[in-house]
Amino acid sequence: MNFSSGFGSPLARERLVSALAADPPRLDLAALAIATLANPTLDTAACLHTLDMLAARVSVEVERQFEQGESLSRLRALRHVLADIEGFRGNEKDYFSPNNSFLDHVLAHKVGLPITLSVVYLEVARRAGIPLYGVAFPGHFLVACNAGDHKLVIDPFHNGDILTEHGCEELLKRVAPQLRFDSAKLAPAPVELITYRMLSNLKRVYLERDDAERGLTVVDLLLLLAPDHPGELRTRALLLMKVGAFRASLKDVDRCLELSPDAPDRDRLELLSKELRERLEQLN
């Protein structure tokens, strides 16, 4: 493995770059790029076809039961198909499984994290012509649409519950009680931010499992999105050190020192840099 040119999956990197370079960026393809970390042979076309078929069913449901064009009615059609009929829901029994972050697995098993389920809702809605957008709500990803002078919000994790802003305020009290609710927390999230948050969730799972190699593949993609992120560089440096890639680790540590000359942990970074140089000298 050539750590100097990036640790991880070349396939995932290539597909993620392509998805985000599209105009507009493709959330479905970005999510499937992440899924290739666990399943390099996944059938992308089959996953896209599943989303197409779900959207077709939503469109039929809109025409059959509801008034065309009404925001609330269209949201009800969307959640009726995805939550009531298909049974997409939050995986509360095994919340911290990495599979919850992989779109192909969520489409097949219909359980996942709030953000991955939100990707399903967003991509089905896009195909069905429903103007839904992602909401990077603290601690619990949501989706929403504008309905006149107010917003309607869906919680895909909790059976597609439709929330008002008051309902979102109550949700925030449960998931992040230290924060105060304001309408800015319901702002649309761009595809790049959704992708970054998906990867951050997956990174957290692998770090908690002390899985350095898989953690590195995820951090590598995070740094693809934010090349000079000091926190991600620190994380990758430590993971590279753990797997014995001292030269690549040193490169990240030195980059951290360059980017943050006044960082509170500068002394620690300098000690780490010294330790890595000594290890490299011993190897030589």
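Remember, it's a predicted structure, so these values are computed and weren't measured experimentally.

What counts, and at which threshold
Residues numbered from 1 in each chain as written. Predicted model: local features only at pLDDT ≥ 70, side-chain atom pairs only at ≥ 80, totals over all residues. Heavy atoms only, no water. Pairing = 2+ DSSP bridges. Helix = DSSP H or I, 4+ residues; strand = E, 2+ residues; numbered from the N terminus. Axes fitted to C-alpha atoms, helices over the stretch in contact; angles between N-to-C directions. Contact = heavy atoms within 4.5 Å. Expected span 1.5 Å × (residues − 1). Buried < 20%, exposed > 50% of the residue type's maximum accessible area, 1.4 Å probe, protein only. Parallel < 35°, antiparallel > 145°, perpendicular 65-115°, else oblique. Nonpolar A, V, L, I, M, F, W, Y, C, P; charged D, E, K, R; others polar. Domains from an automatic or database assignment. Phe/Tyr/Trp six-rings, centres within 6.5 Å; stacked < 30°, edge-to-face > 60°.

## Considerations on the sheet that holds strand E3 (residues 133-135)
If you walk across this open sheet you meet the four strands as E3-E4-E5-E6, and the pairing is antiparallel. Both edges of this open sheet fall to E3 and strand E6 (161-163), since each of them pairs with a single strand only. Neighbour-to-neighbour, the strand axes of this sheet turn through a mean angle of 35°, independent of strand direction. Strand direction decides the pairing type here: E3 and strand E4 (residues 142-147), joined by three bridges, are antiparallel. Each residue of the ladder has a partner; that of Val 135, found in E4, is Leu 142. Against the sheet, helix H6 (residues 114-128) contacts E3, E4 and strand E5 (150-155), and its axis sits at roughly 35° relative to E4. Sheet strands touched by helix H7 (residues 165-175): E4, E5 and E6. Its angle to E6, the strand with the most contacts, is close to 105°.

## Section: helix H11 (residues 246-259)
In this model H11 runs 20 Å from its N-terminal to its C-terminal C-alpha over 14 residues, within 8% of the 20 Å that 1.5 Å per residue would give. Buried within H11 are the following residues: Phe 246, Ala 248, Ser 249, Leu 250, Asp 252, Val 253, Cys 256 and Leu 257. If you follow the buried residues of H11, they end up packed against helix H10 (230-242) and helix H12 (266-283).

## Considerations on the packing of helix H1 (residues 10-21) against helix H2 (residues 27-35)
Here H1 crosses H2 at 170°, and the two axes come no closer than 8 Å. Taken together, the axis directions place H1 and H2 in an arrangement best described as roughly antiparallel. Here H1 contributes Ala 12, Arg 15, Leu 16, Ala 19 and Leu 20 to the contact with H2, which in turn contributes Leu 29, Ala 30 and Ala 33. Class assignment of the residues belonging to the contact of H1 with H2 gives a composition of seven nonpolar, no polar and one charged.

## Remarks on the pairing of E4
As a general feature of sheets, a regular strand has side chains that alternate between the two faces. The buried count for E4 comes to five of six residues, which makes it a mostly enclosed element. Bridge analysis of E4 against E5 gives five bridges, and the strand direction is antiparallel. Bridging from a neighbouring strand, Asn 146 pairs with Lys 151 of E5.

## Thoughts on the domain arrangement of the chain
Parsing the chain into structural domains produces domain 1 (10-186) and domain 2 (228-282). Relative to domain 2, the C-alpha centre of domain 1 lies at a distance of 37 Å.

## What about the packing of aromatic side chains?
Summed over the entire model, instances satisfying the criterion amount to three aromatic pairs. Here Tyr 95 and Phe 157 contribute two aromatic rings whose centre-to-centre distance is 5.8 Å and whose plane-to-plane angle is 75°, an arrangement assigned as edge-to-face. Here Phe 157 lies in the loop between E5 and E6 and Tyr 95 lies in the loop between strand E1 (89-90) and helix H5 (103-109), a separation of 62 residues in the sequence. Between the aromatic rings of Phe 137 and Phe 181, the centroid separation amounts to 6.5 Å while the plane-to-plane angle is 50°, which identifies the pairing as tilted. Of this pair, Phe 137 sits in the loop between E3 and E4 while Phe 181 sits in the loop between H7 and helix H8 (191-208), placing them 44 residues apart in sequence. Since its relative accessible area comes to 17%, Phe 181 is described here as buried. Among the aromatic residues, those joined into a ring-pair cluster are Tyr 95, Phe 96 and Phe 157.

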